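Descriptive structure summary
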Amino acid sequence: LASNFVFLKITLLHPHQRRRHRLGMRDVLFKLQTIFLQYECSSTRHAPSASTSGEVHLQEPLDAFMCPITQELMQFPVMAADGMSYEKWAIQKWLELSDTSPRTGIVLGSKHLIPNHQLRAAIEEWTTACRAGII
């Protein structure tokens, strides 16, 4: 969380840094929202625990919920031509500069992005459960 707060301090206090890194206020606000969600859930993050019924409860988001580019919890996951899901704004910025996969480095056959509704629903379900203290 500390590195996220440093990032926000720099981008909010120094508008020229936002321009330098090609960040709009939408990007900064998204980052801020992600930080608050992580902070809200941090009090419930522990190692996985088993209930008396043998169920395993996850207190940390699954790796599939995290964007490979930003390493943050995704809110608008989209699937790229490499079959991987990324945060929409992050992969769009990546594709402005490159035609390769962020994960493999292989040239993508297309820059078309498809919303990953199923992954988004799973992330929202986890987020709701986290906020409710269920996990």
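Now for a description of the structure that goes with this document. Nothing here was measured: the structure is a model prediction, and the numbers come from that model. (Residues numbered from 1 in each chain as written. Predicted model: local features only at pLDDT ≥ 70, side-chain atom pairs only at ≥ 80, totals over all residues. Heavy atoms only, no water.)

A few words now on the overall build of the protein chain. Helix and strand counts for the protein chain stand at five helices and five strands. Classification of the 135 residues of the protein chain by burial places 34% in the buried group. Restricting to contacts in the protein chain with at least 6 residues of sequence separation, those with at least 24 account for 46%. Carbon and sulfur atoms provide 59% of the accessible area of the protein chain, an area that totals close to 8,600 Å². (Helix = DSSP H or I, 4+ residues; strand = E, 2+ residues; numbered from the N terminus. Buried < 20%, exposed > 50% of the residue type's maximum accessible area, 1.4 Å probe, protein only. Contact = heavy atoms within 4.5 Å. Areas by Shrake-Rupley, 256 points an atom, 1.4 Å probe, with all protein chains shown as cover.)

Our focus in this paragraph is the pattern of salt bridges. What the rule picks out here adds up to one salt bridge. With its nearest N and O atoms 3.2 Å apart, the salt bridge here joins R120 to E124. Linking R120 with E124, this pair stays in helix α5 (residues 117–131), spanning four residues, or about one helical turn. (Salt bridge = Lys/Arg side-chain N within 4 Å of Asp/Glu carboxyl O.)

Sheet architecture is open: three strands sit in the order β4-β3-β5, paired in antiparallel fashion. This sheet does not close on itself; its edge strands, each paired only once, are β4 (85–87) and β5 (114–115). Relative to β4, strand β3 (residues 77–79) is paired through three bridges, and the arrangement is antiparallel. Looking at the pairing, M79 lines up with S85 of β4. Strands β3 and β4 of the sheet are contacted by helix α4 (residues 88–97), whose axis makes an angle of about 95° with β4. (Pairing = 2+ DSSP bridges. Axes fitted to C-alpha atoms, helices over the stretch in contact; angles between N-to-C directions.)

It is worth spelling out the nonpolar core at this point. Among the nonpolar cores identified, the biggest contains 17 residues, and F65, I91, L113 and I123 are the most heavily contacted of them. When contributions to this core are tallied by element, the ones reaching two or more residues are α4 and α5. If we ignore the near neighbours within four places in the chain, the residues touching I91 are I69, V78, Y86, P102 and L113. (Core = buried A, V, L, I, M, F, W, Y, C linked by side-chain atoms within 4.5 Å.)

Bringing α5 into the picture now. Taking 1.5 Å of rise per residue, the 15 residues of α5 would be expected to cover 21 Å, and the 21 Å separating its terminal C-alpha atoms lies within 8% of that figure. Restricting attention to buried positions, one finds in α5 the residues L119, I123, W126, T127, A129 and C130. In an axial view of α5, the angular spread of the buried residues amounts to 165°, which keeps them on one side of the axis. Those residues of α5 that are exposed and aimed more than 90 degrees away from the buried face are H117, Q118, E125, T128 and R131. Among the residues trailing α5, G133 stands out with phi positive, at a value near 80°. (Expected span 1.5 Å × (residues − 1). Arc of directions from axis to C-beta.)

Negative phi values dominate among residues other than glycine, just as trans dominates among peptide bonds. Of note, Q71 is a non-glycine position whose phi angle comes to about 60°, a positive value. Position of Q71 relative to the elements: it lies in the loop between β2 (56–57) and β3.

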